[in-house]
Structure formats: C-alpha cells, structure tokens
Amino acid sequence: MKDDFTHHYKRRAFYHDYRSPAIYHVTLNKSNEAPLFGNLTGDYRIKNGEPGCVRVELSMLGTIIRNIIHSIPVYHPVVELYQYIVMPDHIHVLLRIKEYSPKPLGYYISNLTGAVTREWRAMAGVAYSVFEKGYNDKIIGSTRSLDTVFRYIRDNPRRLAVRRACPEYFRRVNKITIAGHACRAYGNFQLLQCPFKEQVVVHRADSQAVCAANHAKWIYTAANGGVLVSPFISPAEKAVRTEADEVGGRFITITNRPMEERYKPAGRDFELCEAGRLLIVSPDSLDIDLTRRTCMAMNSLAAEMCKAV
C-alpha cells in the first residue's frame, strides 16, 4: 500500500522556472521489478521518536538509496538537502535550490535515480531500473509551513502503519471536529493531514487570467499529490474536479446533505473513497436547502480546512 502522497501521474508547473531558487518536495516511486526498499517495524501507538515507534528498517537497496540521497549536496553544491524518508515502495526528498541553477530540478533527480540504479545493477546483477519513470514534485511557497512539511514527511511510516492496522479509519465517522466544526464524514481521513491542500472556488467576477492561473494551480496540485477542497457546486468547480480526477487527484468534498446511519456514497464518489482518494465531510450546522448562505458557509469551511493540518 503506497503512502497517500504517491500516485502515477507526473506533471510539472509550466508557469514555474525549475532552475530558480525554491524548495521542492519530490516523490519517487519504486518500479514493479525492484525489491522493497525496507519494511515497517514498531508500534504505531508509540509517539514518533520514542523507543518502539514505527520506523522503516532499510533493505540493502534502501541503504543504497539513503547513502546516495546524502551525497546530493556533495556532488551538487547548489542543492541543499532539508529532509528525506525512504519508505518500502517510494521515497520523499525535501530539498532547496539555493541559487539560480544552470540545470533544472529534473537534472538532479535524474542524477539521483541514475546513481541508485547503476549501483544496484552492479551489486545485484540485474538490468531493471529501481524507480518508476518520472516523479511528482511540489513547490513549497512562502505560505507553506516548512515545519508542517517536515512533520508530514517524518510521519509517513506511522501513517502507513495506521492504515494497515486500522482499515476502518478509512470509511465512516459519525462525530469528528474539523477546523472547529462538528461534522460527520466518510472516506480517507488522512487527507486532512496533507499539508498541500488547495481550495477550489470559482467566482463569477474572476477575470480570464485569474481563472487560467487558478486552473493551472489546481491541476498541478492534483497531479502531484495535493488535495483539492471544495463543495464543488458550480459547473466550473465540477469541471475542475473532473479534470483533476483524470490525473489522479485527491479530494475533500464538503456537502450539506446529512449522513444518515446507512449512508454510503454512490457512483464515482464510492470508487474514490475505496481508492483512498476522497473524504466527504458533512458539517452538522449546515441547512439542507442549498441557499447562498449555505454555499458561503461551505466555502468558508473549505478555506479553514486548507489552513489547518
């Protein structure tokens, strides 16, 4: 089971210069042929950092990956390594391009994957590549808390252990407080912990340029492991969700429909919940009638959820 930050869609932000100084969160997935990078050990109920907590015991291949990640700043001084984690079937690397670089981010990632594959091939006598082709990236802007991203990366092993031990956590909860609101919810609750959440809201007064910029940001977020949050009411918002779904996007949908005891989502919503890509949230305080006031309240909650981790 892959971490909730990984999928097979890769898309770059065409509006961003990947040679420019920035902080990037990069995710690389294991190829089907490669062995596991390690295995989970420990108890998810023990706090991170304490004896017996969940961690990844690296395999020989995982150790190679770890060592080469550490060597990135040695061979490429323009790159600063902030944090990383090697999971059983993927890796996360948080790094910074310190100054304008003669090479784009992809050059350094290609160097990393190439070095790992060459060393593993020489050691194991195999011909396959260690990683899937391509990678997911997330540009860390000034509005993101680096500490939040650090904690999210460090918590990867524990979250995976929770999913394995408590599959019921990914279905239905009748009482949960989200951004200070009493709610009922169905789906993958770990989406709430993603630090890369973006609110989808389309205003009638938005200019064509604003709409284009927002659309590019939302699809880039969806294709690179982020979470789109919205009631997805207007046709334009529904169209964003449809396109984001096609690139493997994940969603938190806010609804004013009450969740009765036998509630289950239907159609595509059910499929997305089963895949761990959707959380449906029903605040207790909302009116059943879809009035302007109700829509504004749902959009306000979406904004609050994107700020909270």
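Residues numbered from 1 in each chain as written. Predicted model: local features only at pLDDT ≥ 70, side-chain atom pairs only at ≥ 80, totals over all residues. Heavy atoms only, no water.

1. Some words on the sheet that holds strand S1 (residues 22-29)
Where we set the bar: Between any two strands, pairing holds if DSSP finds at least two bridges. Working definition: helices are DSSP H or I runs of at least four residues, strands are E runs of at least two. Numbering for both runs from the N terminus. Every axis in this analysis is a line fitted to C-alpha atoms, fitted for helices over the stretch in contact. Angles between the N-to-C directions lie between 0 and 180 degrees. Should any heavy atoms of two residues lie within 4.5 Å, those residues are counted as being in contact.
One open sheet accounts for four strands, arranged S4-S5-S1-S6; its pairing is antiparallel. Across the chains shown, the open sheet's two edge strands, defined by having one partner strand only, are strand S4 (79-86) and strand S6 (136-140). Mean inter-strand twist for the sheet, computed between neighbouring axes without regard to direction, equals 20 degrees. Pairing of S1 with S6 involves five bridges; the strand directions are antiparallel. Pairing of isoleucine 23 across the sheet is with isoleucine 140, part of S6. Together, S1, S4, strand S5 (90-97) and S6 form the strand contacts of helix H3 (residues 146-154), whose direction differs from that of S4 by roughly 35 degrees.

2. A short note on the nonpolar core
As a reminder of what qualifies: The set of buried Ala, Val, Leu, Ile, Met, Phe, Trp, Tyr and Cys residues whose side-chain atoms join them within 4.5 Å is what this entry labels a nonpolar core. For every residue, the accessible area (1.4 Å probe, protein chains only) is compared with the maximum for its type, and the residue is labelled buried under 20%, exposed over 50%, or partly exposed between those bounds.
One finds Leu192, Val229, Ile252, Ile254, Leu279, Val281 and Met305 to be the most contacted residues of the largest nonpolar core, which totals 33 residues. Among the elements of the structure, H3, helix H4 (156-165), strand S8 (181-187), strand S10 (227-230), strand S11 (250-254), strand S12 (278-283) and helix H8 (292-307) are those that each provide at least two residues to this core. Of the residues forming this core, the biggest block, five residues, is contributed by H8. Here isoleucine 252 is in contact with Leu191, Leu192, Lys197, Val227, Leu228, Val229, Ser230, Phe232, Leu279, Val281 and Met305, once residues within four sequence places are set aside. Residues Tyr24, Ile64, Ile69 and Val93 belong to the second largest nonpolar core, which totals 32 residues.

Take it as geometry only, folks, not as evidence of what the structure does.
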